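Fold and contact review
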Amino acid sequence: MRLPRPGRSTAPEDSAAPPDPVDRLPDPGARSTEPTPVSAPSPQRGERVRTAMQRMAIASAQLLLIIAAVILVGYVLGKLWSILLPIVLGLLFTTVLWPPTRFLRRHGWPPALAAAVVLLGFLALFGGLIAVISPQVAAQAGELADQTVRALDDVQGWLQGPPFNIGQDQIGNAVDTVIGRLQANATSIAGYALTTASTVGNGLINLVLALVLSFFFLKDGPRWTPWLAAQTGPRAAPHVTALSQKTWATLSEFIRQQAFVGFIDALFIGIGLLVLGVPLVLPLAVLTFLGAFIPIIGAFVAGAFAVLIALVTKGATTALIVLIIVIVVQQIEGNVLQPIIQGRGFNLHAAVVILAVTAGSNLAGIIGAFLSVPVAALIAVIYRYVRDQFDQRAPEVAADGTVAQVTGDDGGSRLVTEPAGTSGDGGADSRPTEIGHH
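Residues numbered from 1 in each chain as written. Predicted model: local features only at pLDDT ≥ 70, side-chain atom pairs only at ≥ 80, totals over all residues. Heavy atoms only, no water.

1. Concerning the nonpolar core
With 28 residues, the main nonpolar core has Leu89, Leu92 and Val357 as its most contacted residues. Among the elements of the structure, helix H2 (81-106), helix H3 (111-160), helix H5 (186-230), helix H6 (237-276) and helix H10 (350-390) are those that each provide at least two residues to this core. Here this core gets eight residues from one element, more than from any other, and that element is H10. Once residues lying within four places of it in the same chain are set aside, the contact partners of leucine 89 are Ala210, Phe370 and Leu371. In this structure, Leu280, Leu284, Ala319 and Val329 belong to the second largest nonpolar core, which totals 14 residues. (Core = buried A, V, L, I, M, F, W, Y, C linked by side-chain atoms within 4.5 Å. Buried < 20%, exposed > 50% of the residue type's maximum accessible area, 1.4 Å probe, protein only. Helix = DSSP H or I, 4+ residues; strand = E, 2+ residues; numbered from the N terminus. Contact = heavy atoms within 4.5 Å.)

2. Looking at the pattern of salt bridges
Taken as a whole and judged by the stated rule, the model has six salt bridges. Aspartate 220 is the salt-bridge partner of lysine 219, the closest N and O atoms lying 2.9 Å from each other. Looking at aspartate 220, the relative accessible area reads 18%, which means it is buried. Residues arginine 256 and glutamate 253 are paired through a salt bridge, measuring 3.1 Å at the closest nitrogen-oxygen approach. Of this pair, arginine 256 and glutamate 253 both sit in helix H6, separated by three residues, roughly a single helical turn. Salt bridges linked by common partners bring Arg387, Asp388, Asp391 and Arg393 together as one network. (Salt bridge = Lys/Arg side-chain N within 4 Å of Asp/Glu carboxyl O.)

3. Structural notes on the side chain of threonine 94
One can find threonine 94 in helix H2. Beyond its immediate chain neighbours, meaning those up to four positions away, threonine 94 contacts Ser214, Phe217, Leu218 and Trp248.

Here it is as structure tokens:
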């Protein structure tokens, strides 16, 4: 028998099967005859990748610089917050008190006298409101405390019955645990109380400073815009003037609108509480009015207080009716009244309002929550002004086609309006505005 040579198959040549392509290794030097699903790279791919990487690097560096600038500005504002807070509060007071002050000034009153009379009238009105509310709260506080104790006893009896069936010993142990924790943290609670007292004291000081600044804002208000515009050049003066007027109009309109909304809410909710015989109607109405200046969150908190007092004093049925009244009034105010009175297009989305209030309350507590929405509205105005400037829409031009310019000499400066496109020399077509002079 003949043995086959190594490397040679024993099968006949004519019946040899083709080798399995899986067992064959590809020849590195051989060309592929079948196309791949991946497209062939273009000659410009490398250059385009390098260009894209350069642009990403530049954009990343710019973003980091912007973030660093925002953090630095926030740090500086935080350090100057004790100075900025009275200024901001003074501006808010000025937006409320400027219309009557302007009325008196137009009827010949001296600026200082008009500002003093209006400011003293505002303080007298606020003091009178406190004088009316305080006796009601003091008279009904004891009764409200007794009713609260009875309500807690009712809740305890309800927990002891089905379906909870919680024993009195378990409730007593829970109360003892809470009392023990309060006693263990007595030092911390005392520290919190001292901090709160210090915060209240600082708040009163800031309030006094805000009122003093508000007096000067009311007395010299028309001079601020010319003075501010005079610190810039001729090209920047129209933008400074227009942006100052837009932010002031937005702030004033926001305060007036929220005051009107708060008055409507307080009126109808107060009538509902009065009809149902819920105590502390006037304090709850005032709380509802003040809560309107913190949109969404303030209305929720004021309504929760009203429902809670109704629950403690009148029972679950009355509390449910109060809840329905609060929801109906707030829905009508939010879906009917707000779209009617907010016609200038600066209203913020509800999500932006909630985020602004949350951020403000986390940064500065109640004051931050109160100031968050006006600040967000001003930021929106500045953003829209810059956007319109980029789009070449000339936002510095007023609705009547005029532009404010600074004119004057070493003796003082004043604002004049002239048709858009003319030189700022205060010619025959320009006329003095009511903004004032410096």
